[in-house]
Amino acid sequence: MVDINIAVVFACVVPFLFFLTAIWRLIFRDAGEMPRVTLLVLGDIGRSPRMQYHALSLARNGFAVDIVAYEGTDPHSELVMEPNIAFHLIDPPQKIPARVSKLVYLVLAFQRVIRQISTLMLWLIVVVPPPDFMLVQNPPAVPTLLVAQLSRVFRRAKLIIDWHNFGYSIMALNLGSRSKIVQVAKWYEQLLGSRSHIHLCVTSAMAEELRKVWGVKGEIVTLHDRAPKHFRRLPVSEIHDLLCRLDFTDLEIQYLAGDKNFPTKSLITNKPGAKAAPVFKSDRPALIISSTSWTEDEDFSILLEAAKLYDAEAAGGKKLPELVFVITGQGPMKEHYTEEIRKVAWKRVRIHTAWLEASDYQLLLGSADLGVSLHTSSSGLDLPMKIVDMFGCELPVCAMGFKCIDELVQHDRNGLIFGNATELCQQFVELFGSFPASAPKLEALKRGTQEFQKSRWDDNWNTALKAKLKR
Ligand SMILES: *[C@@H]1O[C@H](CO)[C@@H](O)[C@H](O)[C@H]1NC(C)=O
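Position numbers for residues start from 1 in each chain and track the written sequence from start to end. Owing to the predicted nature of the model, reporting of local features is limited to residues with pLDDT of at least 70; listing and counting of side-chain atom pairs is limited to 80 or more, with chain, interface and lining totals taken over all residues. The side-chain figures draw on all heavy atoms in the structure; neither hydrogens nor water molecules are used.

You'll find the protein chain entered in an unreviewed UniProt entry as Chitobiosyldiphosphodolichol beta-mannosyltransferase, with Rhizophlyctis rosea given as the organism.

Rendered as structure tokens:
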């Protein structure tokens, strides 16, 4: 009953497709043609920055890129305008209703995966022109790796797996690593992920894991994330323009409606006259940005606790500047924590939440004084992209420590690493003790981020990957 029809049609159609592909290749593959890459993301491409950067790098290096991904947020405008990139966007699979019995859930989940596989296979081996390379993002591993391996065989393309993390380790966060389902998922991921032309890894620690523990076949290449050039520190005038568009009166930041005719004051800037350039206020608060998915694995309570400790210290007679925290992101625990924030009688600390457009988030990073990352990794082998973006804007960070964080944040060079709320509070005091008049430590860390930014995504990509993409 369950999608038998699709399965049967699929079984008959596949050999035919195989034949069709062979013919297609004979006709369309001549030596002068551009090399082609199919880029597969089982997710919202607009929310997959790394895959978008891959697409741009490929396109700029003379590859024709076909992006197969789920319909969602708009991709970056540079991708949309790039003539070498074609989009093939598919409707995302429907969510399985949460309140059904276990058996019904399994049946529905199975049905969903079969549908996903057949739809994707149709796109990958019929609709999209035959590629030389297939670049896929993992996780999600189910059914990505299966689909990628099958279509690579049909299309005789070379597979490149871009390992952002391990799918099974994310699953283990909810189910525990001993769960049978997690173990099956691990087996599946290792079986189908072990054979690839190139394995791209986000950290050296992950590359080591693939080499030593998994023993994968194929070349292993570490490609650290770097922010592209449009992430930058803003001049005061642009900071003024951005902050004047935002309303900080409520806990949740709102966009100010309409045109407020040359506002003269923002949270941290002043415009002394109609024609004068904006300047920082001499008694301004420090602006601190954190983004969180408001989930269990990013423990917001640490930041909340550190803010309370700072507030007590600042109110208790020590001369400390006011801190304004802006926390961006959406997620399940947000309600809970906004209630917690409201309950506190803050004196020298303000905490705001915000849900900003992507382009404004980038500008906010370029306006802030410090970033905070609460991310800890499910596998201990991946790094938070949001720190990469912060560094792109010359923003030093305080980052929660975990296994391979030092591949990105170097303590006392481009940021500070903390383990608990007390330490984080001490770091705030250390960095902002005499702010804004002077902040030598913050300035030193900022220079560290500039150093880090000397190699941007393009340079990194060209060095690590470009020469390896010969068909
Ligand atoms: C926080 O971390 C520091 C340094 O590791 C440690 O000395 C301190 O006891 C910790 N505090 C708490 C409350 O766990």
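S.K.: With reference to specific residues and values, describe the site of the ligand.
M.R.: In the neighbourhood of the ligand, the contacting residues comprise Asn 420, Thr 422 and Glu 423. In this structure, Asn 420 approaches the ligand through a side-chain N or O atom, which is 2.4 Å from an oxygen atom. For the accessible areas, the method is Shrake-Rupley and the probe is 1.4 Å, while residue cover comes only from the protein chains on display. Isolated, the ligand exposes 360 Å² of accessible area, and the fraction of that covered by the protein chains is 27%. Near residues are defined by distance, with any heavy atom within 4 Å of the molecule or strand qualifying the residue. For this analysis, a polar contact is any N or O atom pair within 3.5 Å, provided that within protein one partner can donate a hydrogen and the other can accept it, and provided that sequence-adjacent residues contribute only side-chain to side-chain pairs.

S.K.: Give a description of the pattern of salt bridges that names residues and reports values.
M.R.: The salt bridge definition used is simple: a Lys or Arg side-chain nitrogen within 4 Å of an Asp or Glu carboxyl oxygen. In total, this model carries 20 salt bridges according to the counting rule given. With a shortest N-O distance of 2.8 Å, Arg 232 and Glu 238 are connected by a salt bridge. Measuring nitrogen to oxygen at the nearest pair gives 4.0 Å for the salt bridge that ties Glu 339 to Arg 342. One end of the pair, Glu 339, and the other, Arg 342, are both in helix α11 (residues 334–343), three residues apart, so they sit about a helical turn from each other. Here the salt bridges share partners, and the residues they tie into one network are Arg 50, Asp 162 and Asp 225. The numbering of helices and of strands both runs from the N terminus, where a helix is a DSSP run of H or I of at least 4 residues and a strand a run of E of at least 2.

S.K.: Quick one: what's the story with the layout of surface pockets, residue by residue and with numbers?
M.R.: Leftover empty space is mapped by rolling, across the atoms, a probe with the size of a water molecule. Considered as a void within the structure, the second largest pocket measures approximately 310 Å³ in volume. Residues are called lining when one of their atoms sits within 4 Å of a cavity or pocket point, these points coming from a 1 Å grid over the protein atoms alone, where a cavity is a set in which a 1.4 Å probe fits but cannot get out and a pocket is an open set with protein on both sides within 12 Å along at least five of seven lines. Along its surface, the second largest pocket is lined by 16 residues, and Pro 93, Gln 94, Gln 111, Arg 112 and Arg 115 are the ones closest to its centre. Ranked by residue count, the leading element in the lining of the second largest pocket is helix α4 (residues 102–127), at seven residues. When its residues are assigned to classes, the lining of the second largest pocket shows eight nonpolar, four polar and four charged. Grid points are joined across faces, edges and corners, and a volume is the space filled by probe spheres set on the points. Residue classes follow a fixed rule: Ala, Val, Leu, Ile, Met, Phe, Trp, Tyr, Cys and Pro count as nonpolar, while Asp, Glu, Lys and Arg count as charged, and any other residue, Gly among them, counts as polar.

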